[in-house]
Amino acid sequence: MKNFLSVGDVVNTELLAQQAIALKQNRFAFKHLGENKTMMLLFLNSSLRTRISTQKAAQNLGMNTIILNLNQDSWQMEYEDGAIMNGTSVEHIKEGAAVISEYADIIGIRAFPTLTDKEKDYSEYVLHKFLDNVKVPIVNMESATVHPLQSLTDLMTIREHTTKQNPKVVLSWAPHIKPLPQCVANSFAEWMNKSDVEFVITHPKGYELNEQFSGNASIIYKQEEAFENADFIYAKNWSSYADYGQIIGEHNDWKITDKKMQLTNNAKFMHCLPTRRNVEVADDVLDSNYSLVIKQAANREFAAQAVIKNILSSNE
Ligand code: AN0
Ligand code: CP
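Overview of the structure.

Conventions we followed
Residues numbered from 1 in each chain as written. Chains lettered and ligands numbered in written order. Predicted model: local features only at pLDDT ≥ 70, side-chain atom pairs only at ≥ 80, totals over all residues. Heavy atoms only, no water. Near = heavy atom within 4 Å. Polar contact = N/O pair within 3.5 Å; in protein donor to acceptor, adjacent residues only side chain to side chain. Areas by Shrake-Rupley, 256 points an atom, 1.4 Å probe, with all protein chains shown as cover. Nonpolar A, V, L, I, M, F, W, Y, C, P; charged D, E, K, R; others polar. Pairing = 2+ DSSP bridges. Helix = DSSP H or I, 4+ residues; strand = E, 2+ residues; numbered from the N terminus. Axes fitted to C-alpha atoms, helices over the stretch in contact; angles between N-to-C directions. Contact = heavy atoms within 4.5 Å. Phe/Tyr/Trp six-rings, centres within 6.5 Å; stacked < 30°, edge-to-face > 60°. Buried < 20%, exposed > 50% of the residue type's maximum accessible area, 1.4 Å probe, protein only. Lys NZ or Arg CZ within 6 Å of the ring centre and 35° of its normal. Parallel < 35°, antiparallel > 145°, perpendicular 65-115°, else oblique. Left-handed = near helix turned anticlockwise from the far one by under 90°.

Quick look at the site of ligand 2 now. Around ligand 2, the neighbouring residues are Ser47, Leu48, Arg49, Thr50, Arg110, His147, Gln150, Cys272, Leu273 and Arg300. Separating an oxygen atom of ligand 2 from a side-chain N or O atom of Ser47 is a distance of 2.7 Å. With respect to ligand 2, the side chain of His147 contributes an N or O atom lying 2.8 Å from an oxygen atom. In isolation ligand 2 exposes 260 Å². Once the protein is present, 93% of that is buried. Tallied by class, residues from the shell around ligand 2 come to three nonpolar, four polar and three charged.

Have a look at this one:
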């Protein structure tokens, strides 16, 4: 694996999930792989899980880690080619990324979408600016359109909690007070489409994902109908793709509650976190014994480790 930018860099999703699960047996078994190497984690946005789990994953493999909150702790970066830099940005990505690349063996990047410029976001503008200017592998820690480390974790968690070869997995839109990226949903959809599950997406009309990601998934507009016979309910809010970055209408009745979970086949509940309690998901779901959210978050360490291990092994 050269880079880990999306599911496109993964030959077999199920196999990578099994590799991540296997690492849980002995997370320090491959400590020699990353010895004297440095993982640089660049954050253009907030993070709790990704920041800590990716750092731990790299350290488990023997790497040194450096975290940088780009723009906040360093200089304001300019991305436009040919920019006359007489405004607020101080350093161009051409120098900035090239310099970072001199200090790192692998670079992780988190760069959320603008949610205002659809074309720019869906071209993965910022991620590609980094790719064009670094010499080392890049790990996507949530970009403008996808969050593959999260999706690998999700697949891994599903496999750990099912005995079925082909469980029914339902991605459900849930309400939020702010417009959020489509990344987690896009990514989850494209990973599920490549894995051995029966995949259903449910959301209010107007929240259709870009078809490049939703693919052949069944889309059901009635949430309660979609929940029938589900083995996993994966909740997430996202803003509209069609009406780009907007919240359309009032859909507070889409909140995930224990009553709705009772419609399923004793489904487990999943969410990438962070979640707003009693807006997206009711307390009785998050506090239930069928909620996997903390186990899911714990798995982020091993998913990241499987990815970094693959990159280190193929760049030896
Ligand atoms: C982000 C999102 O929805 O993409 C990060 C999720 C992992 N969530 C929020 O901004 C609340
Ligand atoms: N799930 C996830 O990526 O969480 P953070 O935004 O806290 O990293």
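Ordered in space as β9-β8-β7-β10-β11, the five strands form an open sheet in which the pairing is parallel. The open sheet has two free edges, formed respectively by β9 (218-220) and β11 (268-270), since each of these has just one partner strand. On average, each strand axis in the sheet is inclined to that of its neighbour by 25°, with strand direction left out of account. Sheet topology places strand β10 (residues 232-236) next to β11; three bridges connect them, and they run parallel. Looking at the pairing, Ile233 lines up with Phe269 of β11. Across the sheet, helix α7 (residues 183-193) touches β7 (168-173), β8 (198-202) and β10, and the angle it forms with β8 is around 155°.

Another aspect to go through is the site of ligand 1. Inspection of the region around ligand 1 gives Phe112, Glu142, His147, Leu180, Pro181, Lys236, Cys272, Leu273 and Pro274 as its neighbouring residues. Glu142 is positioned such that a nitrogen or oxygen atom in its side chain is 2.5 Å from an oxygen atom of ligand 1. For ligand 1, whose free accessible area comes to 330 Å², the fraction covered by protein is 84%. Residues belonging to the shell around ligand 1 are distributed by class as follows: six nonpolar, one polar and two charged.

Take the packing of aromatic side chains next. Centre distance and the angle of the planes are the two values used to describe a pair of aromatic rings. Applying the stated rule across the entire model yields ten aromatic pairs. Ring geometry for Phe4 and Trp191: centres 6.3 Å apart, planes at 65°, overall edge-to-face. In this pair, Phe4 sits in the segment before α1 (13-23) while Trp191 sits in helix α7, placing the two residues 187 residues apart along the sequence. Neither residue differs from the other here; Phe4 and Trp191 are each classed as buried. Consider the rings of Tyr122 and Phe213, whose centres lie 6.2 Å apart with planes at 70°: the pair is edge-to-face. In this pair, Tyr122 is assigned in helix α4 (residues 118-122) and Phe213 in helix α8 (residues 211-214), connecting sequence segments 91 residues apart. Phe213 shares its class with Tyr122; the two are buried. What links up through ring pairs into an aromatic cluster is the set Tyr122, Phe213, Tyr241 and Tyr244. Positioned above the aromatic ring of Tyr221, the side-chain terminus of Lys205 is 4.6 Å from the ring centre.

Contact geometry of helix α2 (residues 49-60) with helix α12 (residues 293-314) gives a least axis separation of 8 Å together with a crossing angle of 50°. Between α2 and α12, the angle is such that the two are oblique. At the point where α2 passes α12, the crossing takes the right-handed sense. Every residue of α12 that contacts α2 at Arg49, Thr50, Ser53, Thr54, Lys56, Ala57, Ala58 and Asn60 is listed here: Ala297, Arg300, Glu301, Ala304, Gln305 and Ile308.

Turning next to the sheet that holds strand β5 (residues 106-110). Spatially, the four strands line up as an open sheet ordered β2-β1-β5-β6, and their pairing is parallel. Looking along the sheet, the strands with just one partner apiece sit at the ends: β2 (64-69) and β6 (138-140). Strand-to-strand twist in this sheet, taken as the mean axis angle between neighbours without regard to direction, amounts to 20°. Examined bridge by bridge, β5 and β6 share three bridges and lie parallel to one another. Its bridge partner being in β6, Ile107 is matched across the sheet by Ile138. Helix α3 (residues 93-103) rests against β1 (38-43) and β5 of the sheet, and its axis sits at about 150° to β1. Along the sheet face, helix α5 (residues 125-133) touches β1, β5 and β6 and points at about 170° away from the line of β6.

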